[in-house]
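Results of the structural survey
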Amino acid sequence: MSSKFPVVGVVNLGAYKTPEAYVQALESAGFKIGNRARDILKKVKCSKTKVRIRLASATVGQLGLVCGGTTTELYAAILAQGYQLCPSEVAPIARILYKDQPKGQGFWIAMEAISDSNGDLLIFDVGQDHDGLWLDSVNGRPDAFWPHFFPFVFVVPAQVSLSS
């Protein structure tokens, strides 16, 4: 599939075998992890095999929701255009790989929400602010509203298995 939206990166799933390994990698590289992100990071499903995926990015408006939309509407727009939601493992990988993220920039991971220990549904966001580079989380409920200018990352189909 040729991507309508820019391919912003290629990541290899399965690089780390456990959520704890991602936490260690993030902390040892000096990245900050939000408390709620840390909570849902424990539930990230790690790929058993190494799989390379391409990631594309678009704003909510570019995906056709020019006035913004809910998580349900946003994900329907991503899927209707032939893209896929990200495995949750994409978030820590993206944070590890994107070391030169400009200050004030952030993006959200289009993924199935993960419930934290309070039962809140969350998705990951990857950002850089005055405190540094972060892996954090935000409301991922189906009815959460996303303004038209929020950028999301999602998968360009055609995964290719790599040898271990």
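Rules behind the numbers
- Residues numbered from 1 in each chain as written.
- Predicted model: local features only at pLDDT ≥ 70, side-chain atom pairs only at ≥ 80, totals over all residues.
- Heavy atoms only, no water.
- Phe/Tyr/Trp six-rings, centres within 6.5 Å; stacked < 30°, edge-to-face > 60°.
- Helix = DSSP H or I, 4+ residues; strand = E, 2+ residues; numbered from the N terminus.
- Buried < 20%, exposed > 50% of the residue type's maximum accessible area, 1.4 Å probe, protein only.
- Salt bridge = Lys/Arg side-chain N within 4 Å of Asp/Glu carboxyl O.

**Remarks on the packing of aromatic side chains**
Summed over all chains, the structure comprises 11 aromatic pairs. Taken together, a centroid distance of 5.7 Å and an interplanar angle of 45 degrees make the contact between F5 and Y83 tilted. With F5 in the segment before β1 (7-13) and Y83 in the loop between α3 (71-80) and α4 (90-97), this residue pair connects regions lying 78 residues apart in the sequence. Among the residues examined, F5 registers a relative accessible area of 7% and is labelled buried. Overall, Y83 belongs to the buried group, its relative accessible area being 3%. Here Y98 and F107 contribute two aromatic rings whose centre-to-centre distance is 6.1 Å and whose plane-to-plane angle is 35 degrees, an arrangement assigned as tilted.

**A short note on the environment of S117**
Along the polypeptide, S117 turns up in the loop between β6 (114-115) and β7 (121-129). For the pair S117 and D143, spaced 26 residues apart in sequence, the C-alpha to C-alpha distance is 20 Å.

**Details of the pattern of salt bridges**
Inspection of the entire model under this criterion finds 4 salt bridges. Between E27 and R38 there is a salt bridge; the shortest N-O distance is 2.7 Å. Residue E27 is located in helix α1 (residues 19-28), and its partner R38 is located in helix α2 (residues 35-41); the two are separated by 11 residues in the primary sequence. The closest approach of N and O atoms between D143 and R141, which form a salt bridge, is 3.0 Å. Where salt bridges share partners, they join R36, D116 and D120 into one cluster.

Everything listed is a geometric property; what it means functionally is a separate question.
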